[in-house]
Each structure stands twice: as C-alpha cells, then as structure tokens.
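Descriptive analysis of the structure
Each chain is listed here by its residues.
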Amino acid sequence: MWEAVGTGMNVQDVLTQARLLRVSDGEQINIMPTPDGETSGRPLLLLIWPQLGDFDSLEYAWWLQKERDTLNSFNVEVRAVGIGDRASGQKFCEFTGFPSTHLWVDPAAELHRQLGLYEGLSLKLPAASASTNAYFNLLLMCAGIGSPGTLKEVFRGYLGDRRAPQLIADLETVKAVPLPPIKGSFFRFAGGRGFQRPFELATLRLRNMTEVLGNWSTYVPDATYITQRGATFLFSSNGELLFEHRDRNLLGFSPHMAQPLSFLGDYLQPTLANCPSSVI
C-alpha cells in the first residue's frame, strides 16, 4: 500500500498518503487534513492508537475529555486511528465520547507497521494460531516482559501519585463492576484531595476493563494485533512535525503518564482569539 518508513518516506509522507475508513460515515478518506479543508491551519494532534479495546486507547480518550479546555486553549484539532472495524469504532465513541467524525480504523494495523511502531512481544508457541500467540504475548507483557515500565504504571494506579491531578471529582460517581458505585469523595479517605489518590486511577481502569470484557468481540474483532503499540504525533498549523512519542509498553502512551498531555505546552502557545470548539 505504501513504501515502508526508512526506504524513502518519512512520517509525514506515510500519514499524508494514508486513506482509512472513517467511523462516522464508513468512507475511505485521508486521515490528515487536506490543504483546503475546514480544519486546515490549526495544530493537529494525531493519535495512532493500538486496539480500540486496549487500556491505552480508552485511557487516552478519557484524558482528552478531561483536558478538553486545554485542547481548546491551544486551538488543537484531534484525530485518531485505532485498530478495529467500524463497529469497534462506534462502540468506542459511544463509551468514551470521542467524536466518530475524527476516528479512523485500521483493521490489520497496516499503518502502524508502515510507521515502524512497536508490535509488542512476538514469541510463538508450537502449533499455535496467530491469535493464541497474541494472547500469550499479551499476558507476558502485562507482567512486564517485553513491556518495560508496565508494572510500575500499574502500581501507580493503586498507590496514587501526588504529581498527577485529582482524577475523579468529589461529586462524580464511578461505576466499575464488580465494585458498587463509588463517589469521588470516597477517595478522600484514601489520601486527601487535589491529586491522584490511591486506587483512583485503578478504579477508572477497572471501569474500562469491565466495558471491554463485556463487549470483547466488538472491541476486538481480530485478536492478532492486541500487542501492537501506538504513537502520538503533534503537528504545527503549517504541518511541521513538532513532537512524537512511540509507545514501547502497555500503559505507556505518554512520556509523562501523570499528565499525559503536558507536552502540548512545550510546543504550542495558548490563543484566545476566535478559537473554534475542540473536536472533543
């Protein structure tokens, strides 16, 4: 479909030529804004997500919702590509609130390979199918094998993090089966307020896990690619690549997981003049 990165094409070339299925209308169109498009002239945050049922994809989408005012202040347009089909994308958008007009799907992770993204652990069991091998490798990655930093991030979700903001408002209620509904004020007893309290992030991750496991075949129509990792690319309003992060582990979609979108302030200046509404 495209020439591989490293044999003549850079990241911008690959992304500019990528035409994938958009979830909102099922059309095969470019994932990058066109020069004459209504959103051209704005910084672009392009997210290449792993499987749409992956912890990282769901958690990243949650942070986009939480930081939508920040995205608006930088006048950033957000687009994303996830592994799955249109039904996966529709379910993902329904749960996370991510707009289907800005989500594309790549059923076989072809774009991920063209960008040279980390495919995850790739050990093979004797006489096992591709999906069985993928499940086996995913379990090992959950234990930190071939996924450096994953266990540390898991523990951070349970232990809390004073560098991170409070994640659940005191009056908010979180439903994370099999736990009973939990009000945000409950977490004050675990450590206080104004920062990520113990068990707060773990509770949000449990909610995501419950959602995915209850709709597994929709979120993951083909398990072959469940170890594939993603990436983040930030482009300026004139198309210059300002920042990129290539995931190397589960729960590693940002170099600063305590505040995953903090990199925006390193490259963009807030603007208050006629900012269109964020896509989030």
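Reference entry: report on the structure contained in this document.

Cut-off values and rules
- Every chain is numbered on its own, with residues counted from 1 as its sequence reads.
- The model is predicted, so local features are restricted to residues of pLDDT at least 70 and side-chain atom pairs to those at 80 or more, both for listing and for counting; the totals for chains, interfaces and linings are taken over all residues.
- To get the side-chain values, take all heavy atoms of the structure and skip hydrogens and water.
- Here a salt bridge means any side-chain nitrogen of Lys or Arg lying within 4 Å of a carboxyl oxygen belonging to Asp or Glu.
- Only protein chains enter the accessibility calculation, which uses a 1.4 Å probe. A residue is then buried if its area is under 20% of the maximum for its type, exposed if over 50%, and partly exposed in between.
- Here the axes come from fitting lines to C-alpha atoms, over the contacting stretch only for helices, and the angles between their N-to-C directions go from 0 to 180 degrees.
- In DSSP terms, a helix is any run of H or I states spanning at least four residues, a strand is any run of E spanning at least two, and both are numbered starting from the N terminus.
- Throughout, the term roughly parallel applies to angles under 35 degrees, roughly antiparallel to angles over 145, roughly perpendicular to angles from 65 to 115, and oblique to all others.
- Whether a crossing is left-handed or right-handed is set by the direction in which the near helix is turned from the far one by less than a right angle, anticlockwise for left-handed and clockwise for right-handed.
- In what follows, a contact means two residues having at least one pair of non-hydrogen atoms within 4.5 Å.
- Think of it as three bins: nonpolar holds Ala, Val, Leu, Ile, Met, Phe, Trp, Tyr, Cys and Pro, charged holds Asp, Glu, Lys and Arg, and polar takes everything else, Gly as well.
- By definition, no residue in a patch forms a salt bridge, and every one has over 30% relative accessible area; like charges are joined within 9 Å, nonpolar side chains (Val, Leu, Ile, Met, Phe, Trp, Tyr) within 5 Å.
- The method behind every accessible area is Shrake-Rupley, applied with a 1.4 Å probe, and residues are considered shielded solely by the protein chains displayed.
- At least two bridges found by DSSP between two strands are what make those strands a pair.

Looking now at the pattern of salt bridges. Enumeration according to the criterion identifies 13 salt bridges in this entry. Two residues, Glu 77 and Arg 79, come together in a salt bridge whose shortest N-O distance is 2.6 Å. Owing to a relative accessible area of 0%, Glu 77 belongs among the buried residues under this scheme. Note that Glu 200 and Arg 197 form a salt bridge whose closest N and O atoms lie 3.0 Å from each other.

In the contact formed by helix H2 (residues 55-66) and helix H4 (residues 86-96), the axes pass within 10 Å of each other and the chain directions differ by 45 degrees. Taken together, H2 and H4 sit at an angle that is classed as oblique. As H2 packs across H4, the resulting crossing turns out to be right-handed. Contacts from Ser 57, Leu 58, Ala 61 and Gln 65 of H2 reach H4 at Phe 92, Phe 95 and Thr 96. Residues of the contact of H2 with H4, tallied by class, amount to four nonpolar, three polar and no charged.

This part covers a nonpolar patch on the surface. Residues Leu 151, Phe 155, Tyr 158, Leu 159 and Phe 199 make up a contiguous nonpolar surface patch of about 550 Å² in total accessible area. Here Phe 199 is to be found in the loop between strand S7 (182-183) and helix H8 (200-213). For Phe 199, a relative accessible area of 47% translates into the label partly exposed.

It is worth spelling out the packing of helix H7 (residues 150-159) against H8 at this point. Two elements in contact, H7 and H8, have axes whose closest approach is 4 Å; the angle formed by their N-to-C orientations is 110 degrees. Looking at the two axes, H7 sits roughly perpendicular to H8. For the pair H7 and H8, contact is made by Glu 153, Val 154, Arg 156, Gly 157 and Tyr 158 and by Glu 200, Leu 201, Ala 202 and Arg 205, respectively. Taken together, the residues that form the contact of H7 with H8 break down as four nonpolar, one polar and four charged.

Looking now at the sheet that holds strand S1 (residues 19-22). Across the sheet, seven strands lie side by side as S2-S1-S5-S4-S3-S8-S9; this open sheet has mixed pairing. Since the sheet does not close on itself, it has two edges, and those belong to strand S2 (28-30) and strand S9 (241-246), each with one partner. Strand-to-strand twist across the sheet, computed as the mean angle between neighbouring axes with direction ignored, equals 30 degrees. Inspection of the sheet shows S1 paired to strand S5 (residues 103-105) by two bridges, in the antiparallel sense. By the bridge assignment for S5, Arg 22 is matched with Trp 104. Those strands touched by H2 are strand S3 (44-51), strand S4 (77-83) and strand S8 (231-235), and its axis lies near 150 degrees from that of S3. This element, H4, spans S1, S3 and S5 of the sheet and lies at about 150 degrees to S5.

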